[in-house]
Every structure is written in structure tokens, then in C-alpha cells.
Amino acid sequence: NRVPDQVTNYQIKQALNTVPEDRLAVEALVAGADQDTIDGWNHAQVFKSDHALFSGAVAVLGWTQQKVDDYLKLAVTFE
């Protein structure tokens, strides 16, 4: 199935909650970032799969594109 272009903030967090270690890794990364990144993680309404901050975080975490795509596909299944 198709990878969504964007998901809501709540949806991506629900998807990450399915693997607590991954959620903690993202939270730790955000906590060490600049204020704009922290604000974005906490308050953005949507996350776009092609946004520079999103792809940068993925690179720092060492995640594969497949892993990210799977999270995005899972995220859209949540209301």
C-alpha cells in the first residue's frame, strides 16, 4: 500500500507508541535539538514525509527508509 505524504502529529506518535524504544529514541533526539525542532515535535499539526527536519531526524536515528515508510503507513490507520 501507498506511503502517505503526511500524517497528523497524534497519528505518528500513536504509531511510535507501538515500539516504546523507538518512541524514546525520537523523544531523546528531540530533547537535544534546538527550540524550533522541539516546538515542531510538540505542536505541529501534521508531519510531511518529505520535510527536511523529518528526514534529518531519520538519518540521525539510523533508521531505514523502509522503517519510516512502515511507521507512516501504520500512522494513517489511527484516527
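Anything mentioned here points back to the structure above.
Keep in mind that what you see is a predicted model, and the values were worked out from it rather than measured. Counting restarts for each chain, with residues numbered from 1 along the sequence as it is written. Only residues with pLDDT of at least 70 are given local features in this predicted model, and only at 80 or more are side-chain atom pairs given and counted; all residues enter the totals for whole chains, interfaces and linings. Note that the side-chain values use all heavy atoms of the structure and ignore hydrogens as well as water.

## Points about the pattern of salt bridges
- Here, a salt bridge means any side-chain nitrogen of Lys or Arg that lies within 4 Å of a carboxyl oxygen of Asp or Glu. Summed over all chains, the structure comprises three salt bridges.
- Among the ionic pairs, Arg-2 bridges to Asp-5, the shortest N-O distance being 3.9 Å.
- Ionic pairing is found between Asp-22 and Lys-67, a salt bridge with its closest N-O pair at 3.0 Å. Of this pair, Asp-22 sits in helix 2 (residues 20-31) while Lys-67 sits in helix 5 (residues 65-75); the two residues are 45 residues apart in sequence, bridging distant segments of the chain. For helices the rule is a DSSP run of H or I covering at least 4 residues; for strands it is a run of E covering at least 2, with both sets numbered from the N terminus onward.

## As for helix 5
- Remark: exposure states derive from per-residue accessible area (1.4 Å probe, protein chains only) relative to the maximum for the residue type, with buried under 20%, exposed over 50%, and partly exposed in between. Every buried residue belonging to helix 5 is among Val-68, Asp-69, Tyr-71, Leu-72 and Ala-75, and all of these are buried. Down the axis of helix 5, the smallest arc covering the buried residues is 160°, so these residues share one side. To obtain the arc, one takes the directions from the helix axis to the C-beta atoms.

## Comments concerning the packing of helix 2 against helix 3 (residues 35-43)
- Between helix 2 and helix 3, the shortest axis-to-axis distance is 8 Å and the interhelical angle comes to 140°. As summarised for this structure, helix 2 and helix 3 are arranged oblique, according to the angle between their axes. For the pair helix 2 and helix 3, contact is made by Arg-23, Val-26, Glu-27, Val-30 and Ala-31 and by Thr-37, Ile-38 and Trp-41, respectively.
- Following the grouping adopted for this structure description, the nonpolar residues are Ala, Val, Leu, Ile, Met, Phe, Trp, Tyr, Cys and Pro, the charged ones are Asp, Glu, Lys and Arg, and the polar ones are all others, Gly among them. Residue composition of the contact of helix 2 with helix 3, by class: five nonpolar, one polar and two charged. For helices, the fitted axis covers only the stretch in contact; all axes are lines through C-alpha atoms, and the angles between them, taken along N-to-C directions, range from 0 to 180 degrees. The scheme is simple: roughly parallel for angles under 35 degrees, roughly antiparallel for over 145, roughly perpendicular for 65 to 115, oblique for anything else. Contact criterion: two residues are considered in contact whenever any of their non-hydrogen atoms come within 4.5 Å of each other.

## Side note on the environment of Thr-64
- Position of Thr-64 relative to the elements: it lies in the loop between helix 4 (52-61) and helix 5.
- Once the C-alpha coordinates of Thr-64 and Glu-79 are considered, the two residues, 15 residues apart in sequence, prove to be 25 Å apart.
- A distance of 3.0 Å separates a polar atom in the side chain of Thr-64 from the backbone nitrogen of Lys-67. Counting of polar contacts relies on pairs of N or O atoms within 3.5 Å, with two restrictions inside protein: one atom must be capable of donating a hydrogen and the other of accepting it, and residues adjacent in sequence are counted only when both atoms are side-chain atoms.

## Focus on the packing of helix 1 (residues 9-16) against helix 3
- With their axes 8 Å apart at the nearest point, helix 1 and helix 3 run at an angle of 90° to one another. In terms of axis orientation, helix 1 runs roughly perpendicular to helix 3. Two secondary-structure elements touch here, helix 1 through Asn-9, Ile-12, Lys-13 and Leu-16 and helix 3 through Gly-40, Trp-41, Asn-42 and His-43.
- A per-class count over the contact of helix 1 with helix 3 returns three nonpolar, four polar and one charged.

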